[in-house]
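Chain by chain, the residues run as shown.
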Amino acid sequence: MSSLLEPEFLRRLARLRVLARKRFAGSAGGARRSMRRGSSAEFADHRPYYAGDDVRRIDWNAYARLEELVLRLYVAEEDLTLYLLVDTSRSLAFGTPTKLEVAKRIAAALGYLGLTGSERVAVVPFSSALGRGFAPARGSRRVGALLRYLDGLEANGETDLTRAVDQFLARSPRPGLVAVISDLLDPGGFERPLDRLASERHEPVIFQVLDREEIDPTPGGDLVLVDSERGTKVEVSLDARAIAAYRARAAAFLAGVQAYAKKRGFGYVLAGGEVPFEDALISYLRAA
Amino acid sequence: MGLLSPLALLWAGLLAPLVVLYILKRRRQPREIGSTLLWELALRDLRAERPWKKLIPQVALLLQALAILAGALALARPAGAGRVPAGARIAVVIDTSASMAARAAVGSDDTRFSRAIRAARDLARSLPPGGEMMIVEAAGNAAVIAAPTRDASALERALATLRVRGGGSDLEAAVSVAAERMRGSPSGSRIVLITDAAMSGELALDGRSVPVEVRKVGEPNASSDNTGIVAVDVRPRSEGNTPDRADVFVRIARFARTPADVYVTASVEGRGVVASRRVTVGPGAQESVVIPADLPPDPSGRAPIVRVELSLASAAPGEGTGDALTLDDVAVAPSPGVRRLPVFVVGDASEPVVRALRADRDVELFATTLTALAERDDDAPLDGLVVYAGPTPAEAPPGDSLVLAPTGESVFGTPLGPEVRRPQLVRWEESDPRLRFVSFADVHLAASRTVRGGLRPLISADAGAVAAVLVRPSGETTLLAFDPARSDWPTRPSFVVFFRNLVERARAHRATGGVPPGRTGEPLRVPAPDGTSVTVTTPAGETLRVVSRGGVALVPTDAEPGVFAVRVGERQLFALRNLLDEHESDVRPRARFTVAGVGATVRVADRVETQEAWPYVAGALLLLLVLEALWATRKGAT
C-alpha cells in the first residue's frame, strides 16, 4: 500500500468524495457541465425554431403561450478530464514534510476523487519541462496505478511553469480541469502560463504548496542561502529586521497569487500554511 | 626631495593586513533552501527602506578610502616638511624694490610684493621641527629684519614690517648678508631669494657654502607692460613778464612692445587741473612733454606743488594707466615759487655778505633789527633765512639761520671763546653740503672767535673751531665766528659759492618744511622736538601719528607717490615722494642669476613663483572620487 493511501487519509478522502460530488456533479457515466448546449436534463435556454431542427425539442407549451415555435435547449454534458500538473522541481524537495510529499497527497486526493467519480484523470509532472506523465484513465480500478505512479515521482530540475504549460498545451488536450500543484516560486512568473491555460478553455485551479518555513522563517544566524535550483547565493543575517522584511514579502506574494486567482475566477488552495492541506482542500471543495 | 624618515615608510606595510581585514568575509553557514526568490526580494526591500546599507568591505571602497586619505595628506601640504631637513635653516631674502609693487598678473589685485610675502609665510609654515628661518630685506641696503628663529609669530611680525621701497635693491649684497649669517648652519640649509628679477644684467649670488634658490614672483608676459613718469621738473619760464608762468617738464617712458596713448595732466591742490597733454609713447621709447602753466602762490603765499599724473587716453583723467605699476603714474614737484627765499638780515651785515646773498636772483632781502623782531606782534616764525650779523637773540629762531661774527658770550646757548688774531685755518668739512665746492686753502682771517661746546665744527683753525653747525629739530644754524669782511675770503669764488649753498639748503628746507624729499616708500624723517606728536596725512588720505624721539619723528610710509602733509604742532610741512626711476619702472623680469657654489658657478634655474595648483588638483580628485563612488555604489541598485 502506498504511503499516500494511509487509512486515515483514505477515510478523509472518502469524506472528500461525498463533498466532491457537489463539484463534480454527474452520474456514473461521468459527466461535467459543458459550455455547449446538449441533451442533458438541465434546461438552459430557448431559441427560435429553424427548418431542419429536431422537432422533438420544440417547446409546445411555449408555443401555446406565445404562438411561436421555439426549441428547448439543454446543457450539454460531457466527460470531465482532470489534469494534475504536479511540480517536481528540486525546490519541492524541501520542507517538513517535503513540499513534493504534500503535492503528491494533493494529487492523490484529487485523482482519487476523479477516478472514483468516473472522471478522466491524468497526471503531468513538470519542472523545466514536462515529465513522463500518467496517461488519462477512468475508473476506480485505476486508483492503485495512480497512487503508485505518484509515489514514484522525485524532485529534480528547475521550475519553468511557462515552458511546461506550453508543452502541455502543445499536446492539444481536451479542455478540462487543470490542477496546478506547485510552490509557484518561478522567476518567470506564474500568471502568463495560467492565463494561457484559461485561454485554451481549461479551468485552472491553483494548489500552492509551501513549507511553513518558507512563509514564516525562524530567526537566527548569519547564513548563505543557496537556491536549490539556480544555485544563487544570498548572504543574509536572519535578524528580526530581515525576518520581518521576508515575512512581508512572502505575505505579499501569497496575497498576490490569491488576488490573481480571485480576479481570474480560478480556484486557489494554499497548502503548507497554518491550515493542514486536507482541511484547505475540504474548504475549497465545500466552497465550489 | 628627500625623505626625512625613510624608515617611516615601513608603516605602509600595515596596509597589507588592513586590506586583508577588509577583504576577509564574515564566516557564514551555507544553507540550501528551495528558492531564494523571496529572499532576494526581501533584501532588496531592506536596501530600499534604509538610507544606509550595511557596510560591505570591498576593494573599491578601500581604494577610495586610501585616495581620500592621500588627498587629505596632500591638503595638509607636506611638501614643506620634505624640503627642509629637520634643524636646517632658511634665509629668506625678499626684494623690496619699487618694481615689486607691480601687479603679479593680468587681472589680479595681487602685487608681486604681496605674493613674495605669501611665499615667505608659506616657507615659515613649512618649517620642520627644529628648523629656523631668518628674513633679510633686500632694498638699497640689505637689512636683517628677523634673525634665525623658529618663532612663527616673530617671523610674522617681521614680515609685517616689510614694505616696498622706492629705490632699487642690492640683491647680491642681501644674499651675501644672509650667507654670512648662515655660516656654520647645518646641512640642508639654504637661502631663498624672492624677487621679480626686474633688473638688467646678470647677478652673481654668492651664498658661499649655502645653496641659493631663486623664486620669481610675477608673470613675464603682458602683465609687465608699463608706462611711467621717469622725470619731472617745474621751472620758471624764461620769457614773458608773468613771474608765475612756469613750464612743467615731464619725461615718460614706455616699457612694452606696444605703443600707448596717455594723458599727462598737471594739477595743483585747491585749483584742480592746470594743464593737460596727450602723448603717444612708442614701445621702449621715452617722450618728453613740456606743459606751460600759471602757478601763482596760494592766498597764504605758499608756492603750489604740482602733481603730474598719467592716465590712459581711453580713460578719464585720474583713472590711471591700468598698467603693471601705478607708483610711476604720479609724480609731484615744487613750483618755481618755492625758490623765492626771503632773507632777513638782522644787524649790520657787511657789504660782501649782502652782495653774495643778492647774487641769487630768487633771494629777497629784508633788513631788520633785533629790536624790531622782538616787538613783532606776529608769533609766526620768520619764513626764510635769518642772517644775524653781530648780536643774536637768546634763543634760536625756528628755521634756518646764519650767524656772522657774534658779539655775545654765547650763541643760542653755545659758548664762544675770546677773539684770536690771525688764526690759521687747518681743516674744513668738505663733505658738508654748505662747503660743496668751497675751499679755504688760500683764505686768511684777520681775527676770529672760537666755538666751544658740542657743536659740529665746520671750519677749524689752529686755535679751534671758527665755524660750526647747530642742528635743531626746527632748523639749522650755521655759525661763523668771524667777520668775512675782515678776511680775504670775499675775494675768493668760494665765498659766493658758500652763500649760494647756504641759500639753496635753506630753500630746500623751506620748500618741504624741513622734511627732505625722497623716494616712494622711504620713511619720512620729520624734525620735531622730543615727545612731539607728528601727524602725517598720506596722499591716499590715511592719517599716521608718530611721536618724535631724538629730535626726529621717523614715519614709515607705504610706497605711495605724492605729497605727505605733515603737521608738527602748528607747523604744516610737506614731504614729496616720487619714484622717478626708469630702472624700477621697467618691471619686466629680465635679470639672470648665477650662484657661486663650492668651487663652481652654476646658473640658477629661473623658478617662477609657484602659483600652487594643489587646491585645483585636490578638488578634481575629490570630484572624481565622488563620481566614481556614486557610480560604484548606485550601479547595484539599478
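Residues numbered from 1 in each chain as written. Chains lettered and ligands numbered in written order. Predicted model: local features only at pLDDT ≥ 70, side-chain atom pairs only at ≥ 80, totals over all residues. Heavy atoms only, no water.

**Some remarks on the overall build of chain A**
Note the following rule: The helix count covers DSSP runs of H or I at least four residues long, the strand count covers runs of E at least two residues long, and both are numbered beginning at the N terminus. Relative accessibility decides the category of a residue: with a 1.4 Å probe and only protein chains considered, values under 20% of the type maximum give buried, values over 50% give exposed, and everything between is partly exposed. By definition in these notes, contact holds between two residues if any of their heavy atoms fall within 4.5 Å.
Counting its regular elements, chain A contains nine helices and ten strands. Classification of the 288 residues of chain A by burial places 49% in the buried group. Sequence-distant contacts, at least 24 apart, represent 75% of the contacts inside chain A between residues at least 6 apart.

**Quick word on the overall build of chain B**
The following threshold applies: Using a 1.4 Å probe, accessible areas were evaluated by the Shrake-Rupley method; residue-level cover was limited to the displayed protein chains.
In terms of regular secondary structure, chain B is built from twelve helices and 35 strands. Each of the 638 residues in chain B was classed as buried or not, and the buried ones make up 45%. Carbon and sulfur atoms make up 55% of the accessible area of chain B, which totals about 31,600 Å².

**Focus on the interface of chain A and chain B**
To be explicit about the condition: As used here, buried area is the combined drop in accessible area, with a 1.4 Å probe, of two parts when they are placed together. Definition used for salt bridges: Asp or Glu carboxyl oxygen within 4 Å of a side-chain nitrogen of Lys or Arg. Pairing of N or O atoms within 3.5 Å defines a polar contact, subject to two protein rules: one partner must be a possible hydrogen donor and the other a possible acceptor, and residues neighboring in sequence count only if both atoms are side-chain atoms. Ten residues, namely Ala, Val, Leu, Ile, Met, Phe, Trp, Tyr, Cys and Pro, are considered nonpolar, four, namely Asp, Glu, Lys and Arg, are considered charged, and the remaining ones, Gly among them, are considered polar. Between any two strands, pairing holds if DSSP finds at least two bridges.
Every contact between the two is made by 31 residues of chain A and, on the other side, 23 residues of chain B. Note on chain A versus chain B: buried area summed over both sides is about 2,700 Å², and carbon and sulfur give 61% of it. Counting the contacts that link chain A with chain B gives four salt bridges. Taking the shortest distance from any N to any O, the salt bridge between A:R90 and B:E32 comes out at 3.3 Å. For the interface between chain A and chain B, the tally reads 13 residue pairs in polar contact (both at pLDDT 80 or more). Those elements giving two or more residues to the side of chain A that touches chain B turn out to be β8 (222-227), β9 (233-237) and α8 (240-264) of chain A. With eight residues, the single largest contributor to the side of chain A that touches chain B is α8(A). By residue class, the composition of the side of chain A that touches chain B is 17 nonpolar, four polar and ten charged. In this sheet, strand β1 (residues 29-33) of chain B lies alongside β8(A) in parallel orientation, the contact comprising five bridges. Along β1(B), the bridge assignment pairs A:V226 with B:E32.

**Considerations on the side chain of B:T368**
All names here are of chain B. Structurally, the position occupied by T368 is in strand β16 (residues 363-368). When its relative accessible area of 19% is taken as the criterion, T368 is described as buried. Beyond its immediate sequence surroundings of up to four residues, T368 is in contact with V345, V346, G347 and L373.

**Section: helix α4 (residues 143-151) of chain A**
The α-helix winds at 3.6 residues per turn, so residues separated by three or four positions along the chain end up facing the same way. Those residues of α4(A) not exposed but buried are A:V143, A:A145, A:L146, A:L147, A:Y149 and A:L150. As for α4(A), its buried residues are in contact with α3 (99-116), β4 (120-126) and β5 (134-137) of chain A.

**Topic: the pattern of salt bridges**
When charged atoms on two side chains of opposite charge get close, those side chains can pair. All names here are of chain B. Counted by the stated rule, this structure contains 38 salt bridges over all chains. As a salt-bridge pair, D261 and R278 come within 3.2 Å of each other at their nearest N and O atoms. In this pair, D261 is assigned in strand β10 (residues 260-268) and R278 in strand β11 (residues 272-281), connecting sequence segments 17 residues apart. Owing to a relative accessible area of 29%, D261 belongs among the partly exposed residues under this scheme. Among the ionic pairs, D488 bridges to R492, the shortest N-O distance being 3.3 Å. Exposure remark for R492: the relative accessible area of 27% places this residue in the partly exposed category. A single salt-bridge network, built from bridges that share partners, covers D432, R434, R456, E476 and R505.

**Overview of the confidence of the model for chain A**
Heads up, the rule is: Each residue carries a pLDDT value, the predictor's own confidence for that position, ranging from 0 to 100.
Summary statistics for chain A give a mean pLDDT of 82 and a share of 83% for residues scoring 70 or more. Contacts for the low-pLDDT stretch residues 18-37 of chain A, under 50 throughout, to residues beyond four places or in other chains number 44 contacts.

**Points about the packing of aromatic side chains**
Residue and element names in this part refer to chain B. To keep it simple, the criterion reads: Centres within 6.5 Å make a pair out of two Phe, Tyr or Trp rings, where for Trp the six-membered ring is used; the pair is then stacked when the planes are under 30 degrees apart, edge-to-face when over 60, and tilted otherwise. In this analysis the charged atom, NZ for Lys or CZ for Arg, is taken to sit over a ring once it is within 6 Å of the ring centre and within 35 degrees of the ring normal.
The tally for this structure, following the rule as stated, stands at 16 aromatic pairs over all chains. On the numbers, 4.9 Å between centres and 45 degrees between planes, the contact of F440 with W489 is tilted. Residue F440 is located in the loop between β21 (425-428) and β22 (447-451), and its partner W489 is located in the loop between β25 (475-480) and α10 (493-512); the two are separated by 49 residues in the primary sequence. The pair F440 / W489 is uniform in exposure class, with both members buried. Each member of the aromatic cluster is reached from another via a ring pair, and the members are W428, F440, F482, W489, F495, F498 and F499. Here R278 stacks its cationic end above the ring of Y263, 5.9 Å away from the centre of that ring.

**As for the nonpolar core**
Here is the rule we go by: In this description, a nonpolar core means a group of buried Ala, Val, Leu, Ile, Met, Phe, Trp, Tyr and Cys residues linked to one another through side-chain atoms lying within 4.5 Å.
Counting 43 residues, the largest nonpolar core has A:L85, A:F168 and B:W39 as the members making the most contacts within it. No other element matches the ten residues that α8(A) contributes to this core. Among all residues touching A:F168, those that are not within four sequence positions of it are A:Y83, A:L85, A:V124, A:L130, A:P173, A:V178, A:L197 and A:H202. Core analysis: the next-biggest nonpolar cluster, separate from the first, contains 38 residues, A:V102, A:F134, A:L150 and A:L177 among them.

**Some words on the sheet that holds β22(B)**
Read from one edge to the other, the open sheet built from three strands follows the order β19-β20-β22 (chain B), with strand pairing classed as antiparallel. Edge positions in the open sheet fall to β19 (410-411) and β22 of chain B, since each of these has one partner strand only.

**Some points on unusual backbone geometry**
Trans is the common state for peptide bonds, and a negative phi is the common state for residues other than glycine. With omega at -10 degrees, the peptide bond leading from A:T96 into A:P97 counts as cis. As for its position among the elements, A:P97 is in the loop between β3 (81-87) and α3. The phi dihedral of B:R422 is positive, around 45 degrees, even though this residue is not glycine. On the secondary structure map, B:R422 appears in the loop between β20 (414-421) and β21.

**Examining helix α5 (residues 161-170) of chain A**
All names here are of chain A. Counted only if it meets this: The arc in question is the one traced by the directions running from the helix axis out to the C-beta atoms.
Of all the positions in α5, only L161, T162, A164, V165, F168 and L169 are classed as buried. Taken end-on, α5 shows its buried residues confined to a sector of 165 degrees, consistent with a single buried face. Next to the buried residues of α5 lie β3, β4, β6 (177-182) and α6 (191-199). A positive backbone phi angle near 50 degrees is found at S172, which sits one or two residues after α5.

**Re the sheet that holds β8(A)**
Heads up, the rule is: Lines are fitted to the C-alpha atoms to define the axes, a helix being fitted only along its stretch in contact, and any angle between axes, read from their N-to-C directions, falls within 0 to 180 degrees.
Spatially, the three strands line up as an open sheet ordered β9(A)-β8(A)-β1(B), and their pairing is mixed. The open sheet is flanked by β9 of chain A together with β1 of chain B, the only strands paired with a single partner. When strand polarity is set aside, the average angle formed by the axes of neighbouring strands in this sheet is 30 degrees.

**Thoughts on the confidence of the model for chain B**
Residues and elements named next belong to chain B. When pLDDT is averaged across chain B, the result is 81; 81% of the residues are at 70 or more. The least confident element of chain B, judged by mean pLDDT, is helix α4 (residues 79-83) at 45; the most confident is strand β18 (residues 401-404) at 94. Taken together, the stretch residues 1-6 has pLDDT below 50 and engages in seven contacts with residues farther than four places along the chain or on a different chain. Segment residues 598-603: pLDDT under 50, and eleven contacts once partners within four positions in sequence are set aside and those in other chains are kept. Two summary scores accompany this predicted model of the complex, namely pTM at 0.48 and ipTM at 0.79.

**A closer look at the environment of B:Q286**
Residue and element names in this part refer to chain B. Here Q286 shows up in strand β12 (residues 286-294). Among all residues touching Q286, those that are not within four sequence positions of it are V230, R251, I252, A253 and E582. A polar side-chain atom of Q286 sits 2.9 Å from a polar atom in the side chain of R251. Among the polar contacts listed, one links the side chain of Q286 to the side chain of E582, at a separation of 3.3 Å.

**Observations concerning the side chain of A:D227**
As for its position among the elements, A:D227 is in strand β8. At 2.9 Å, the side chain of A:D227 forms a polar contact with the backbone nitrogen of A:E229. With residues up to four places along the chain from it excluded, the contact list for A:D227 reads A:T232, B:I33, B:G34, B:S35, B:T36 and B:L37.

**Digging into the packing of α5(A) against α6(A)**
All names here are of chain A. Stated formally: Roughly parallel means an angle under 35 degrees; roughly antiparallel, over 145; roughly perpendicular, 65 to 115; everything else is oblique. Take the far helix as the reference: if the near one is turned anticlockwise from it by less than a right angle, the crossing is left-handed, and if turned clockwise, right-handed.
Direction vectors running N to C along α5 and α6 enclose 20 degrees, while the axes themselves pass 8 Å from each other. In terms of their interaxial angle, α5 and α6 are classed as roughly parallel. For α5 against α6, the interelement crossing comes out left-handed. On the side of α5, the interface is formed by L161, T162, V165, D166, F168 and L169, while α6 contributes R192, P193, R196 and L197.

**Comments concerning the packing of helix α5 (residues 112-125) of chain B against helix α6 (residues 152-161) of chain B**
All names here are of chain B. The geometry of α5 relative to α6 is characterised by a closest axis approach of 11 Å and an angle of 170 degrees between their N-to-C directions. By the angle class used here, α5 and α6 are roughly antiparallel. Counting all contacts with α5, which are made through I117, A120, R121 and A124, the residues of α6 involved are L155, E156 and L159. In terms of residue class, the contact of α5 with α6 is made up of five nonpolar, no polar and two charged.

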